[in-house]
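Residue-level listing of the chains:
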Amino acid sequence: MSDCIFCKIIDGEIPGDMVYQDDRVVAINDIDPKAPVHILIMPKKHIPSLLEVEQEEQNILSHIMMVAARLAREKGISEKGFRVVNNCGEEGGQSVGHIHFHLLGGRYMQWPPG
Ligand code: 5GP
Ligand code: ZN
């Protein structure tokens, strides 16, 4: 996707503060962090949102969750707790059309979210 900001970061066209990558996913620090730890985990493949994940590629979702747990441990937020969030669509608060999961931690999280 030539006009996708996250694809450009994944392809190295623009800089991204990468904290993890493997053959299927990348994780970058959010440019505008909402918590002391705020990492975005996404597939390398351009998938616009949760609604477009195909049955055959559903394993990417569990893989992203496992990477989230690994990064939570690495960043020192696993013991106190953390949150993993996917915003989907306009009312869900999604602003970038390349599926990604927010890993947030390092402060107390409110519930319900705004
Ligand atoms: P959404 O609102 O779609 O759930 O989350 C998009 C997130 O991407 C936001 O938290 C926003 O701060 C972050 N973001 C937008 N543009 C960039 C960028 O160019 N680099 C990085 N690292 N994060 C970005
Ligand atoms: Zn993309």
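Residues numbered from 1 in each chain as written. Chains lettered and ligands numbered in written order. Predicted model: local features only at pLDDT ≥ 70, side-chain atom pairs only at ≥ 80, totals over all residues. Heavy atoms only, no water.

Q: Please clarify how the pattern of salt bridges should be interpreted in this entry.
A: Any two side chains of opposite charge can pair if their charged atoms end up close together. Under the criterion given, the structure shown has three salt bridges. For K34, the salt bridge is made with D32, and the minimal N-O distance between the two is 3.3 Å. For D32, a relative accessible area of 46% corresponds to the partly exposed category. (Salt bridge = Lys/Arg side-chain N within 4 Å of Asp/Glu carboxyl O. Buried < 20%, exposed > 50% of the residue type's maximum accessible area, 1.4 Å probe, protein only.)

Q: Even after reading the chapter, I still don't get a nonpolar patch on the surface, so can you show me in this structure?
A: Taken together, the side chains of M65, F82 and V84 make up a nonpolar region of the molecular surface, amounting to roughly 220 Å² of accessible area. Within the element layout of this structure, F82 appears in strand β4 (residues 82–85). (Patch = residues over 30% accessible without salt bridge, like charges linked within 9 Å, V, L, I, M, F, W, Y side chains within 5 Å. Areas by Shrake-Rupley, 256 points an atom, 1.4 Å probe, with all protein chains shown as cover. Helix = DSSP H or I, 4+ residues; strand = E, 2+ residues; numbered from the N terminus.)

Q: Honestly, the coordination of the zinc ion (ligand 2) in this entry has me stumped. Any pointers?
A: The reference angle at a metal is 109.5 degrees if four donors form a tetrahedron and 90 or 180 degrees if six donors form an octahedron. Protein-derived ligands of the zinc ion (ligand 2) are C4 (SG), C7 (SG), H46 (ND1) and H98 (ND1), with the metal-ligand distances lying across 2.0 to 2.3 Å. Note that the zinc ion (ligand 2) binds four donor atoms; their angles at the metal cover 107 to 117 degrees, and the shape is tetrahedral. For the zinc ion (ligand 2), the single-chain donor residues occur in sequence as C-x2-C-x38-H-x51-H. Residue C7 is located in helix α1 (residues 5–10), and its partner H46 is located in the loop between β3 (37–43) and α2 (59–74); the two are separated by 39 residues in the primary sequence. The class for C7 is buried, based on a relative accessible area of 7%. (Donors = N, O, S within 2.8 Å, 3.2 Å for Na, K, Ca; no water. Tetrahedral: all angles 85-135°; square planar, octahedral: opposite > 155°, others 65-115°.)

Q: So what exactly am I meant to see when it comes to the nonpolar core here?
A: Ranked by internal contacts, the top residues of the largest apolar core, which has 18 residues, are I39, I41, L71 and L103. Secondary structure elements with two or more residues in this core: β2 (25–29), β3, α2 and β5 (101–105). Here the element with the most residues in this core is α2; it accounts for six residues. Apart from residues no more than four positions distant in its own chain, L103 is found in contact with V37, H38, I39, I41, A68, L71, A72, I77, F82, R83 and V84. C4, I9, I10 and L40 belong to the second largest nonpolar core, which has ten residues in total. (Core = buried A, V, L, I, M, F, W, Y, C linked by side-chain atoms within 4.5 Å. Contact = heavy atoms within 4.5 Å.)

Q: What should I look at first to understand the pairing of β3 in this one?
A: Regular strands show a simple pattern: their side chains alternate between the two faces of the sheet. With seven of seven residues buried, β3 lies mostly within the body of the structure. Neither face of β3 is exposed, since V37, I39, I41 and P43 on one face and H38, L40 and M42 on the opposite face are all buried. Where β2 lies against β3, five bridges are found, and the strand directions are antiparallel. Considered in β3, the bridge of A27 is made with I41. Pairing between β3 and β5: five bridges, direction antiparallel. Opposite L40, over in β5, you have H102 as the bridge partner. (Pairing = 2+ DSSP bridges.)

Remember that the coordinates give geometry; whether it matters functionally is a separate question.
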